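Survey of secondary and tertiary structure
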Amino acid sequence: MSDDDFMSDEDFNDESLEETDSEFEDETYDDDRYLKYDKPQRKSYEVEFRVYSDSQIQKAQAEQIEEVSNILGLPSEQCAVLMRHFKWQKERLIEQYLNSQEEVLGAAGLDTNAARTLKIEKVKGFMCDICCNDENGLETFALRCDHRYCVECYTVYLEQKIKEEGESGRIQCPCEGCSTLVDSKAIKLLAPKSVSDRYQVLLNRTYVDDKDNLRWCPAPNCEYAVDCAIGPKQLTTIVPTVVCSCGHHFCFGCGLNDHQPCPCALVKKWIKKCEDDSETANWISANTKECPKCLATIEKNGGCNHMTCRKCKHEFCWVCMGPWSEHGTSWYNCNRFEEKAGVDARDHQAKSRASLERYLHYYNRYANHEQSAKLDKDLYLKTEKKMTLLQSQSGMSWIEVQYLDSASKVLQQCRQTLKWTYAFAFYLERNNLTHIFEDNQKDLEMAVETLSELFERPVEQLASLKVEMMDKTAYVNNRRIILLDDTAKGLLEDKWNFTVDLN
Ligand SMILES: [Zn+2]
Ligand SMILES: [Zn+2]
Ligand SMILES: [Zn+2]
Ligand SMILES: [Zn+2]
Ligand SMILES: [Zn+2]
Ligand SMILES: [Zn+2]
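From a predicted model like this one, the values you see are computed outputs, not experimental measurements.

1. Things to note about the sheet that holds strand β2 (residues 121-122)
Reading across from one edge, β2-β3-β4 is the order of the three strands in this open sheet, with antiparallel pairing throughout. Looking at the sheet topology across the chains shown, the edges are occupied by β2 and β4 (148-150). Sitting on the sheet, helix α7 (residues 151-164) is in contact with β3 (139-142) and β4, with an inclination near 95° to β4.

What follows is the structure in structure tokens.
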């Protein structure tokens, strides 16, 4: 992938950390905030975003709490509770606190008896209400509400809440009906390190969940969060793909894998439709078909859809089974669905047959690119193994064979894009702009198949194909940029008419 394709995480890494944290506090998104990270030529389908690590998120919280603590003159563990209660809207908290201190503290589960410091104490004549232990010298603890329990019971309670129930910011006093909140200081006093570490992780999680401009990377075991200012209302005009530092490309709007150029609302509808219609569609993912000319069985073992029959040498398209020679010409359309003229609108059966045919056209192409992406990847993994061999045979260094790696990545990404162009096209109403879209789709598709074809060549040939492959990779990537740019501009300018409502 070319590095100007997305705002990569390298663009905003550690050297900007210090600015990061102060920027991070801002509730509003003035343009200044993003200007200094703005790349000179950001494309219309790209959005500004930043990636944060766990510790950066923690630091950002601590700094905001500290600031409020200085302003309100309250201990930081109480300010933390208040900030969470106010979903990190600092100004609102300060304003309301100054208006009515008691009300704000009460509503957040704190009480006004703030002066007493929390500590572990031994209390004469005490009996724990949970375990009924009344030994002399028993260590006890109580929050400001004065509901006192033995330290052992308290610790078990916290462990249960944090480790088993996954609670953090809303843990209440163990006394039934008491809404006083356990704060971080109490956790520090009572919980073993593994529990307080977990508590911190969970708090971070709620922090990210509470803020609209933050979202966890959905990749398994990834601990980065992404900051992006695109709100739910903007999702009809932009598809905000972000790239996490772990390498995962995902949509900031819905959290699904990158689905450009298709807006979130269409993706949701399309996935639902495919689930509902899975029986009708019954997509055959079989990897064998018959040659349309000699009927010999042909097996597909790579992602490329340009097939050549081993027996009669007939070249055809795996998707539409039409002759390959006509693909890419101006009159032949593998990607466009031609509405059949003369369907009687009163004939319900004919109408529903026509609409099923239309759906299957798009669905088969959508599913085929998904399938092809998998096959491309399998083939690449096999190739990678052989690459090591190639290196030693041809005397090429590791760096010199990286063109295969980048070609494979571009291929994966383009098939992903192509896949979603078919969902996009399914909901697209025909107008004079649809032709431009379909031409871009066709151009990208043809370019992808050519590159994909090179992958299926014998490994011995790959070294001599280096220049050609690098050229094709750049070309394919460029076709993708053109398609995404055109569709994104159309969305932004509200030029596309969809058959369904995006809201
Ligand atoms: Zn007890
Ligand atoms: Zn209580
Ligand atoms: Zn990630
Ligand atoms: Zn989305
Ligand atoms: Zn044949
Ligand atoms: Zn075709």
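2. A word on the layout of surface pockets
For the second largest pocket, the calculated volume is near 540 Å³. The wall of the second largest pocket is formed by 18 residues, among which Asn-301, Met-307, Thr-308, Arg-310 and Glu-456 lie closest to the centre. Put simply, the parts of the chain that give the lining of the second largest pocket at least two residues each are β10 (297-299) and β11 (306-308).

3. Focus on the coordination of the zinc ion (ligand 1)
Between any two of four tetrahedral donors, the ideal angle at the metal is 109.5 degrees; between two of six octahedral donors, it is 90 or 180 degrees. Protein-derived coordination of the zinc ion (ligand 1) comes from Cys-128 (SG), Cys-131 (SG), Cys-150 (SG) and Cys-153 (SG), at a distance range of 2.2 to 2.4 Å. Between the four donor atoms coordinating the zinc ion (ligand 1), the angles at the centre fall across 100 to 118°, so the site counts as tetrahedral. For the zinc ion (ligand 1), the single-chain donor residues occur in sequence as C-x2-C-x18-C-x2-C.

4. Details of the coordination of the zinc ion (ligand 6)
Looking at the zinc ion (ligand 6), the protein donor atoms are Cys-317 (SG), Cys-320 (SG), His-327 (NE2) and Cys-334 (SG), and they sit 2.0 to 2.3 Å from it. Coordination at the zinc ion (ligand 6) is tetrahedral: its four donor atoms span angles of 102 to 118° at the metal. One chain supplies every donor to the zinc ion (ligand 6), and in sequence these donors are spaced C-x2-C-x6-H-x6-C. Cys-320 sits in the partly exposed class, given a relative accessible area of 26%. By relative accessible area, which is 9% here, His-327 ends up buried.

5. Brief notes about the packing of aromatic side chains
Tallied over the entire structure, the rule returns 22 aromatic pairs. Ring centres 6.0 Å apart and planes at 75° place the aromatic pair Tyr-362 and Phe-426 in the edge-to-face group. In this pair, Tyr-362 sits in helix α12 (residues 348-394) while Phe-426 sits in helix α13 (residues 402-426), placing the two residues 64 residues apart along the sequence. Looking at Tyr-362, the relative accessible area reads 3%, which means it is buried. With a relative accessible area of 9%, Phe-426 lands in the buried category.

6. Section: the pattern of salt bridges
Counting across every chain of the model gives 21 salt bridges. Across the pair Lys-495 and Glu-493 runs a salt bridge, and its minimum N-O distance is 2.8 Å. In this structure, a network of salt bridges that share partners links the residues Lys-161, Glu-165 and Glu-167.

7. What about the packing of helix α3 (residues 54-72) against helix α4 (residues 76-85)?
Axis separation between α3 and α4 bottoms out at 9 Å; the angle between their running directions is 110°. It follows that α3 is roughly perpendicular to α4 by the angle criterion. Taken together, the residues of α4 that come into contact with α3 (itself represented by Gln-61, Gln-64, Ile-65, Glu-66, Val-68, Ser-69 and Leu-72) are Ser-76, Cys-79, Ala-80, Leu-82, Met-83 and Arg-84. Looking at side-chain class alone, the contact of α3 with α4 contains seven nonpolar, four polar and two charged residues.

8. Details of empty space enclosed by the protein
What the rule picks out here adds up to three cavities of 30 Å³ or more. Taken as a whole, the largest cavity holds about 120 Å³ of empty space. Cys-317, Val-319, His-327, Cys-334 and Glu-445 are, among the 15 residues lining the largest cavity, the residues nearest its centre. Put simply, the parts of the chain that give the lining of the largest cavity at least two residues each are α12 and α14 (434-455). Among the elements that line the lining of the largest cavity, the one with the most residues is α14, at four residues. Counted by class, the lining of the largest cavity contains six nonpolar, five polar and four charged residues. Approximately 70 Å³ is the volume attributed to the second largest cavity. The wall of the second largest cavity is formed by Tyr-45, Ile-238, Val-239, Gln-260, Pro-261, Leu-484, Thr-487, Ala-488 and Leu-491.

Scoring rules and cut-offs
- Residues numbered from 1 in each chain as written.
- Chains lettered and ligands numbered in written order.
- Predicted model: local features only at pLDDT ≥ 70, side-chain atom pairs only at ≥ 80, totals over all residues.
- Heavy atoms only, no water.
- Pairing = 2+ DSSP bridges.
- Helix = DSSP H or I, 4+ residues; strand = E, 2+ residues; numbered from the N terminus.
- Contact = heavy atoms within 4.5 Å.
- Axes fitted to C-alpha atoms, helices over the stretch in contact; angles between N-to-C directions.
- 1 Å grid on protein atoms, 1.4 Å probe; cavity = no way out; pocket = protein on both sides within 12 Å on 5 of 7 lines; lining within 4 Å.
- Points joined across faces, edges and corners; volume = space filled by probe spheres on them.
- Donors = N, O, S within 2.8 Å, 3.2 Å for Na, K, Ca; no water.
- Tetrahedral: all angles 85-135°; square planar, octahedral: opposite > 155°, others 65-115°.
- Buried < 20%, exposed > 50% of the residue type's maximum accessible area, 1.4 Å probe, protein only.
- Phe/Tyr/Trp six-rings, centres within 6.5 Å; stacked < 30°, edge-to-face > 60°.
- Salt bridge = Lys/Arg side-chain N within 4 Å of Asp/Glu carboxyl O.
- Parallel < 35°, antiparallel > 145°, perpendicular 65-115°, else oblique.
- Nonpolar A, V, L, I, M, F, W, Y, C, P; charged D, E, K, R; others polar.

Any functional reading would require information that these geometric values do not contain.
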